[in-house]
Every structure is written in C-alpha cells, then in structure tokens.
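# Structure at a glance
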Amino acid sequence: MIDGISIHGYRSFGQKGVYASDLSKINAFIGKNNSGKSNILRFIALLADLTKPHGLNERSPTLDPLIDYCLHDIQKLITYGIQVKADGFTNNIFKKIQEPFGDEWDKVFPDNKNSMWLFYKLSEQREPLDDSIIALAQIISKNCRPSFTNHLTSILCQYTGGSDDGRAHDISKAIHKRVNINFTVSTIEAFRRISDSGEHVLSGSGLIKELRKLQSPELSQYDAGKKRFRDINNFLVSLLGIPDAHLEIPAEKDEIYVTLDNKVLPLGSLGTGIHELIIMAASVTLVDNSIFCIEEPEIHLHPDLQKKFINYIAAHTSNQYLIATHSNALF
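Residues numbered from 1 in each chain as written. Predicted model: local features only at pLDDT ≥ 70, side-chain atom pairs only at ≥ 80, totals over all residues. Heavy atoms only, no water.

### What about the pattern of salt bridges?
All chains considered together, the criterion is met by eight salt bridges. For Asp22, the salt bridge identified is with Lys85, shortest N-O distance 3.1 Å. Here Asp22, found in the loop between strand 2 (18-20) and strand 3 (26-30), pairs with Lys85, found in strand 4 (residues 79-85); they are 63 residues apart in sequence, far enough to count as distant. Overall, the relative accessible area of 46% leaves Asp22 in the partly exposed class. (Salt bridge = Lys/Arg side-chain N within 4 Å of Asp/Glu carboxyl O. Helix = DSSP H or I, 4+ residues; strand = E, 2+ residues; numbered from the N terminus. Buried < 20%, exposed > 50% of the residue type's maximum accessible area, 1.4 Å probe, protein only.)

Here is the structure:
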C-alpha cells in the first residue's frame, strides 16, 4: 500500500510532475479523456514490476523510449516521489526513519513531523535523486548539532568523524535507502468479459476457472476458498435485493449460472451491467493486500450500482484502490 506518489517525466507528465498525496483505501482520479488518469495507474504498475525481485528466468520490465518518456522533456528522465506517513500505510517505514533521531525528530524536521517526501530515479535499483539527498541534507545541517550528526552517522553509516556537511549528506542517503516500499499491483482493464480461458483473470478471461476453484476448493484451501465464494454471493444478494440469489459454476460448461427465486439463469441474461459488476466483485475478492488499478468501473453501470460496488470493496476487501473514472457518482 502507498500513502502518496508523485510522477515526473513519464508520458503526459513533465518534470513538474503530478502529485497524488494522502491516499486512502479507495481513491478516484476523475477527469476528461487524455488528462493523464490512466498514466498514473500505468506508472504505479510499472514501478511495482521494476522494484520487485525477479527470478533467473523472469524478464525485468523495460521502458519504451517511444511512449514512456514525456515528449516535451529533453532530459528523458523519469523520476518519482514517495510519501511516507506516521499514521498511514507506510507507518513502519516512517518509524524506521524516525527511530535514530529519537526525541530530536521534531526539532530536526519541524515541517515533516508526520509526513515526508523522498524522490528517486525510476530504476530497479531505486536510486535516490541527488537533489532530494541535498535538500534533506541541508535541513539536517541546519537543525542538527555536530555532535548529534556524529551520533547519527555512527548508527546509520557505521562511522564517526568527518565534516559536518559530509555527515549530513550521508545521513540523508541512509534515510532515502530506508524507504524500501514493495507492493503488488492488480489491474482491472476497461474492457471486461467473462470467459473460461485467458491470462487476464481480473478482467474476466479465465474467471470461470477461478470461480470454479472457489466453489469447490482443495482441502488445503477449503475454508478460505469457501469464504471468498460466500463473499461474492453476498455481493450478488445485495446487488439484486434477492436473499436466495447465488452463483453456480457448472462442472462441464464454461458458463456462470445465477439462481434467482428458484430459477436458474445464465449470468448473461441479467444484463451487461450485472455481468461487469460480477467480474469486478469476483476479481477484488480473489486477491488480498494488493493495490488495485481499475479503469472506468462505471462502464454500463447505473449510479446506484456504482455506489454498491464502492461500498462492497470498502467493507469486504483488504486492498487499496486507485480508480480512473469519468464518473462523479462513485462516491
């Protein structure tokens, strides 16, 4: 999970960048076409891929020089900022940064008591920006006694002595390196269609197979699988207002049935909006503790159904949501 991110030099964003700060569990980016909403989601997915450990047989993602770099940026440099907060998703990282300073923290960082931004180049190495290191070092030099910076370098850098400016610079570098945020991203694309096969399970392809596993889970995953399937069915009940509504996945057919008032109907007979909602509700229930990037969840949905989806993910899932939308009816 993330508390805030800024993006600079990527696609439609120049070096001034765009800031998404103080993020909560559910966040919507509302705007016109071509305003950059989807680029925020794309960047977060790219950052997650770049910074995760890759196995020997796993290919690292690469940047496309034709589309990923901002056309108006002659530097061809993509950077980003990370916000860490004392009372947010990144509270453990904030405490890790704060801990060596002890009671001096508020004196050293009077403007960053509970929140701090640090900036990096987009790469697998998570390399801090020189300007970010220098800016933080200047604050440390201004507000720290030489004896205290000496104490900090002994903790953070395993040395004592040297110049005041050199110690402040090294302390700043050590702080930047402590911001080790790793997260997973799950994407639900704007084009969604249920099928039994395919790789984009969260956008519908291959979803029938996954739901069949939840309906009849293996013994090792029995309780967890059954609970997830109940959660999806409970959503269907709240959606339709029919207490006995539930999904059924037949063993021999690549289809989803819905039981309503003792009648069994194919899911497609309930209309496109219900079809899309089931895809999204099932997808967010299949995954835990991920950042979900969702493109235009309002497609084919009445405003009441949009709100029901938001209420469902707020109450019944453990993920964080970043939503690109044209609708102001979601909340």
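### So, the nonpolar core
If you look at the biggest cluster of nonpolar residues, it comprises 50 residues, and the most contacted ones within it are Phe43, Phe101, Phe109, Ile175 and Val179. Counting residues per element, this core draws most heavily on helix 1 (residues 37-51), which supplies eight residues. Setting aside residues no more than four positions away along its own chain, Phe43 makes contact with Ile5, Ile7, Tyr10, Ile78, Thr79, Tyr80 and Leu122. Grouped together as the second largest cluster of nonpolar side chains are 39 residues, Ile208, Met280, Phe292 and Phe309 included. (Core = buried A, V, L, I, M, F, W, Y, C linked by side-chain atoms within 4.5 Å. Contact = heavy atoms within 4.5 Å.)

### Re the sheet that holds strand 6 (residues 185-188)
Spatial strand order, 3-11-10-6: four strands in an open sheet with parallel pairing. Each having just a single partner strand, strand 3 and strand 6 make up the two edges of the open sheet. Ignoring which end each strand starts from, the neighbouring axes of this sheet average 15° apart. Both strand 10 (residues 291-295) and strand 11 (residues 320-325) contribute to a ladder of five bridges, which runs parallel. When the sheet's bridge partners are listed, Phe292 is paired in strand 11 with Tyr321. Its contacts with the sheet put helix 10 (residues 303-316) on strand 3, strand 10 and strand 11, and the angle it makes with strand 3 is roughly 145°. (Pairing = 2+ DSSP bridges. Axes fitted to C-alpha atoms, helices over the stretch in contact; angles between N-to-C directions.)

### Side note on the side chain of Thr325
Summarising the element assignment, Thr325 is placed in strand 11. Classification of Thr325 by relative accessible area gives buried; the value is 0%. For Thr325, the side chain forms a polar contact with the side chain of Glu298, separated by 2.8 Å. (Polar contact = N/O pair within 3.5 Å; in protein donor to acceptor, adjacent residues only side chain to side chain.)

### Brief notes about the environment of Ile44
Tracing the sequence through the fold places Ile44 in helix 1. Residues Ile44 and Val185, 141 residues apart in the sequence, show an inter-C-alpha distance of 7.6 Å.

### Structural notes on the packing of aromatic side chains
Under the criterion given, the structure shown has twelve aromatic pairs. For the ring pair Trp117 and Phe119, a centre distance of 6.3 Å and an interplane angle of 20° mean the geometry is stacked. According to the relative accessible area criterion, Trp117 is partly exposed, its value standing at 24%. One aromatic cluster is present, formed by Phe94, Phe101, Trp105, Phe109 and Phe148 through successive ring pairs. (Phe/Tyr/Trp six-rings, centres within 6.5 Å; stacked < 30°, edge-to-face > 60°.)

### Some words on the sheet that holds strand 9 (residues 263-266)
As summarised here, the arrangement of the three strands in space is 7-8-9, forming an open sheet in which the pairing is antiparallel. Edge strands, defined here as strands with exactly one partner in the open sheet, are strand 7 (246-248) and strand 9. With strand direction ignored, the average angle separating the axes of adjacent strands in the sheet is 35°. Alignment of strand 8 (residues 257-260) against strand 9, held across four bridges, turns out to be antiparallel. Looking at the pairing, Tyr257 lines up with Pro266 of strand 9. Contacts between helix 8 (residues 222-240) and the sheet are confined to strand 7 and strand 8, with strand 7 contributing the most and set at about 130° to the helix.

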